[in-house]
Amino acid sequence: MLFTPRPNWKPFVSGLVASIFLTPAWGQVDWRSQVKTLPTSELILLGEQHDALEHQELARLSVQSLASKQKLSALLLEMVDDGLNTVDIPVDSTESLVRERLNWGDAGWPWSSYGPIVMQAVRAGVPVIGSNLRYSEMSEVMSDASWDAKVPSAVLSAHRESMIKGHCGLLPASQVPAMARIQIARDERMARTAQQWMNKGGTVLLLAGAEHVKKDRGIPLLLNPSAASKTSVVWMQATTVANQDFSFADVNWLTLPVTPKDYCAELAKSLK
């Protein structure tokens, strides 16, 4: 679902892509209705901007929608390490028990933002599955150059550049390749976990940061061909102007813009 500012609503269907035009008056738009355009694929990769609260609400609504139709077989999360899950947990479990089972790290992933998504799945009897690379495995990955060959050279270069920018240019050059390997390994682990939960007669929903789910660089590149053919990418963007490159995603959802935070400026100030 692709959103572009237009004077009024004008739904139409073009090929396999449904597009809805929104008015510039964002306050008049119910961004929650976008959940109605969830694909029917066996695996849905839902990419979010972590500081956009509307994205977490859309994720919760996606869980609710799929579970209400008895189509959701598992909810996979970047926010939880591989090996942790809520399999066989009672549907009336307390939030404390759920957090304990998932070893939830509130400092990095506020429960106030992600807890409603998790509990929506738990209450529906849907297992919540950790899919991220474990911290204990990172050191070995960082020193293993074989990870460099798991993605095309252009993607590897993009990952390295992203690491430099993401660390405000302060990451030592010697550490850049190692950090890029972590990104690749995380994508690979999420892809592998997703494949393990597919083919169970329902839909697997995987929630992760947008960079992890993009078709040209993330999890989709590391799925086997069979799984990739049954996968759809939904990219949530907190902006009024959508990136319309369909090499990134199959479906685009827009929410109200989030005021960008200059973390590098804050870091530079703290180092003075």
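Note that this is a predicted model, so its numbers are computed, not measured.

This part covers the nonpolar core. In terms of nonpolar packing, the biggest core is built from 36 residues, with L77, W104, V118, L207 and W253 touching the most fellow members. Elements represented by at least two residues in this core include exactly β3 (43–48), α1 (53–68), β4 (72–81), α2 (95–102), α3 (111–123), β6 (203–209), β7 (231–238) and β8 (251–255). By residue number, the principal contributor to this core is α3, which donates seven residues. When residues no more than four places from it in sequence are discounted, the contact partners of W104 are L77, M79, V80, R99, W109, P110, W111, Y114 and V118. If you look at the next biggest cluster of nonpolar residues, it comprises 32 residues, including W147, V151, V155 and V204.

A few words on the side chain of Q183. By secondary structure assignment, the location of Q183 is in helix α6 (residues 176–197). In this structure Q183 comes out as buried when scored by relative accessible area, which is 10%. With residues up to four places along the chain from it excluded, the contact list for Q183 reads H159, M163, E211 and H212.

Following the criterion strictly, the structure yields one disulfide and no others. Residue pairing for C168: its cysteine sulfur links by disulfide to C264, the two sulfurs lying 2.2 Å apart. On the S-S bond that ties C168 to C264, the torsion sits near -90 degrees, and the link is left-handed. Of this pair, C168 sits in the loop between α5 (153–166) and α6 while C264 sits in helix α9 (residues 263–271), and the two are 96 residues apart along the sequence.

Here we come to the packing of aromatic side chains. In this description, a pair of aromatic rings is defined by centroid distance and the angle of the planes. All chains considered together, the criterion is met by four aromatic pairs. Both rings, one in W104 and one in W111, keep their centres 5.1 Å apart while their planes meet at 80 degrees; by these two values the pair is edge-to-face. Accessibility classification places W104 together with W111 in one group, the buried group. Look at W109 and Y114: their rings are 5.8 Å apart centre to centre, the planes differ by 85 degrees, and that puts the pair in the edge-to-face class. Accessibility assignment for this pair places W109 and Y114 in one class, buried. By way of ring pairs, the aromatic residues W104, W109, W111 and Y114 are connected into one cluster.

This part is about the pattern of salt bridges. Evaluated as defined, the whole model comprises 14 salt bridges. With its nearest N and O atoms 3.5 Å apart, the salt bridge here joins R32 to D30. One salt-bridge network, in which partners are shared between bridges, spans D82, R134, E137 and R189.

Turning to α3, its buried residues number three or more, namely W111, S113, Y114, G115, I117, V118, M119, A121 and V122. Of the surrounding elements, those touching the buried residues of α3 are β3, α1, β4, α2, β5 (128–132) and β6.

This paragraph deals with the pairing of β4. Counting buried residues in β4 gives nine out of 10 residues, a clear majority hidden from the surface. Pairing of β4 with β6 involves five bridges; the strand directions are parallel. Note that in β6 the partner of L77 across the bridge is L207. Pairing geometry for β4 and β5, over four bridges, is parallel. By the bridge assignment for β5, D81 is matched with N132.

Okay, the sheet that holds β4 next. Spatial strand order, β5-β4-β6-β3-β7-β8: six strands in an open sheet with parallel pairing. Unpaired on one side and paired on the other, β5 and β8 mark the two borders of the sheet. With strand direction ignored, the average angle separating the axes of adjacent strands in the sheet is 25 degrees. With respect to the sheet, α6 is in contact with β3, β4, β5 and β6, its orientation differing from that of β5 by roughly 145 degrees.

So, on to the environment of M190. If you trace the backbone, M190 turns up in helix α6. The residues contacting M190, other than those within four sequence positions of it, are E78, S131, N132, L206, A208, H212 and I219.

What counts, and at which threshold
- Residues numbered from 1 in each chain as written.
- Predicted model: local features only at pLDDT ≥ 70, side-chain atom pairs only at ≥ 80, totals over all residues.
- Heavy atoms only, no water.
- Core = buried A, V, L, I, M, F, W, Y, C linked by side-chain atoms within 4.5 Å.
- Buried < 20%, exposed > 50% of the residue type's maximum accessible area, 1.4 Å probe, protein only.
- Helix = DSSP H or I, 4+ residues; strand = E, 2+ residues; numbered from the N terminus.
- Contact = heavy atoms within 4.5 Å.
- Disulfide = S-S within 2.5 Å.
- Phe/Tyr/Trp six-rings, centres within 6.5 Å; stacked < 30°, edge-to-face > 60°.
- Salt bridge = Lys/Arg side-chain N within 4 Å of Asp/Glu carboxyl O.
- Pairing = 2+ DSSP bridges.
- Axes fitted to C-alpha atoms, helices over the stretch in contact; angles between N-to-C directions.

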